[in-house]
Amino acid sequence: MKRTPAGSKLVTAAAGLAAMTLMLSACGGGGGGGEEGEASADFITVATGGSSGVYYQVGATMSEILADELGADTSVQSTGASVENLTLIQDGGAELAFTQGDAVDQALGGTGAFEGKKIDSLPVVANLYNQYVQLVTIEGSGIESIEDIKGKAVSVGDQNSGVELNARTVVDAYGLSYEDFTADYLPYSEAIDQMRNGQLDAAFVTSGLPNSAVTDLATSDEVKVIPFTGDGREKLLSEHSYFGEGEVPAGTYGDNEAADTLTIPNLLVASPSLSDDAVYDITKTLFDNIDQIQSSHNAAKDITVDGAQNVPVSELAPGAKKYFDEQG
């Protein structure tokens, strides 16, 4: 910008006021303060999940990369995960958010956890890696199948989390409801502590493999991962397109036996307030530094350029699509 002449104090003051106004606009609440599709990547809040979960670990690494490479003012927010994260995106409280595919599906359709709270736009930066829907217990609990949780105390995940959304969907498919057992709304670390202390019989865990909290449980107890089998499994696969077939391998948690389960895509979504250029810069920066992201957690090793473009719900953000198209 050219300097105004020293004597033009009125012009200088006006320019200063305009610059200050622009700065205040850029520093507005989470959405960047701009209109839809206009915000820059100067301020980025990444909504993740509980501090012991994979979301937080991978999100913290992404935040560091964006700060180092783009010079962005970044922060990582620990949250209840998927449902809360999408609400933060909607309300302008975050620019990037980790979420499960089913939460996005419900948000766009105004169903389930988003009944009456439909979200019109959730542009996807990338399909990151699969989450594994797991029902975890320990030897001696008396739980050998999903139906065996009847009458037990079971953690269904934190409030407003994708875990709780999955738990509700799974028990329904197996002909159960929360009235059939004592449902506790707990983050992973608290659920594992209570299981270890005998206050909880089982916990739903939806995460990449391995989940660090369950790994910790395996240091003191014999962990069992309950298989998803029978009509309930078939119902889940046939009625929900975002579910896929998966397996928790033997030895994932101590000496656990292999267990058939379900997978669900884990997505990184962007605020619609971000401009296409901002999303392009974010996408390019993250995938140009993919080695660093892949080293942040074992689950992140599955993040690839090819896999990132496979989005079963919503659509790739134009800025992200531009980057991936450049990669061929």
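Quick note: structure is the one above.
As a starting point, this report considers the structure included with it. What you see is a predicted model, and the numbers here were worked out from it, not measured in a lab. (Residues numbered from 1 in each chain as written. Predicted model: local features only at pLDDT ≥ 70, side-chain atom pairs only at ≥ 80, totals over all residues. Heavy atoms only, no water.)

Here we take up the pattern of salt bridges. Per the counting criterion, the structure on display carries 8 salt bridges. For the salt bridge of K224 with E144, the shortest nitrogen-to-oxygen distance reads 2.6 Å. You can see K224 sitting in strand 8 (residues 223-226) and its partner E144 sitting in the loop between strand 4 (124-138) and strand 5 (153-155), a full 80 residues away along the chain. Overall, the relative accessible area of 51% leaves E144 in the exposed class. The partner of D288 in a salt bridge is K284, and the shortest N-O contact between them spans 2.9 Å. (Salt bridge = Lys/Arg side-chain N within 4 Å of Asp/Glu carboxyl O. Helix = DSSP H or I, 4+ residues; strand = E, 2+ residues; numbered from the N terminus. Buried < 20%, exposed > 50% of the residue type's maximum accessible area, 1.4 Å probe, protein only.)

Time to look at the packing of helix 9 (residues 276-288) against helix 12 (residues 318-326). Direction vectors running N to C along helix 9 and helix 12 enclose 45°, while the axes themselves pass 7 Å from each other. The angle between the axes of helix 9 and helix 12 places the two elements in the oblique class. In this structure, helix 9 crosses over helix 12, and the sense of that crossing is right-handed. Facing helix 9, whose interface residues are D276, V279, Y280, T283, K284, F287 and D288, helix 12 presents P318, G319, A320, K322, Y323, F324 and E326. (Axes fitted to C-alpha atoms, helices over the stretch in contact; angles between N-to-C directions. Parallel < 35°, antiparallel > 145°, perpendicular 65-115°, else oblique. Left-handed = near helix turned anticlockwise from the far one by under 90°. Contact = heavy atoms within 4.5 Å.)

Each neighbour pair has its own omega, and for L209 with P210 the value is -10°, a cis peptide bond. Along the chain, the position of P210 falls in the loop between strand 7 (202-207) and helix 7 (212-217). The phi dihedral of A81 falls on the positive side, at around 80°, and the residue is not glycine. Its location among the elements puts A81 in the loop between strand 2 (73-77) and helix 3 (82-91).

Summary: where empty space remains is shown by rolling a probe the size of a single water molecule over the atoms. Estimated volume of the largest pocket: approximately 300 Å³. As for the largest pocket, its lining consists of 25 residues, and the residues nearest its centre are G49, G50, G53, A81 and Y188. Contributions of two or more residues to the lining of the largest pocket are made by helix 2 (54-70), strand 4, helix 5 (162-173), helix 6 (188-196) and strand 7. It is helix 2 that contributes the most residues to the lining of the largest pocket, 3 residues altogether. In the lining of the largest pocket, the residues fall into 9 nonpolar, 15 polar and 1 charged. Of the domains in this structure, domain 1 (43-128 + 265-327) and domain 2 (131-264) are the two that each give at least three residues to the lining of the largest pocket. (1 Å grid on protein atoms, 1.4 Å probe; cavity = no way out; pocket = protein on both sides within 12 Å on 5 of 7 lines; lining within 4 Å. Points joined across faces, edges and corners; volume = space filled by probe spheres on them. Nonpolar A, V, L, I, M, F, W, Y, C, P; charged D, E, K, R; others polar. Domains from an automatic or database assignment.)

Let us now look at the environment of L70. Take L70: it is sitting in helix 2. With a relative accessible area of 33%, L70 lands in the partly exposed category. The spatial distance from the C-alpha of L70 to the C-alpha of T285 is 7.6 Å, given a sequence separation of 215 residues. Filtering out sequence-adjacent residues up to four positions away, L70 remains in contact with A41, I65, D281, I282 and T285.

Mapping G198 onto the fold places it in the loop between helix 6 and strand 7. With 57 residues separating them in the primary sequence, G198 and S141 have C-alpha atoms 9.2 Å apart.

Here we take up the pairing of strand 3 (residues 96-100). Across the 5 residues that make up strand 3, a large majority, 5, are buried. Here strand 3 shows two buried faces, one formed by L96, F98 and Q100 and the other by A97 and T99. When strand 3 meets strand 10 (residues 259-270), the two strands line up antiparallel, connected through 5 bridges. Paired with L96 across the two strands is A270, which belongs to strand 10. (Pairing = 2+ DSSP bridges.)

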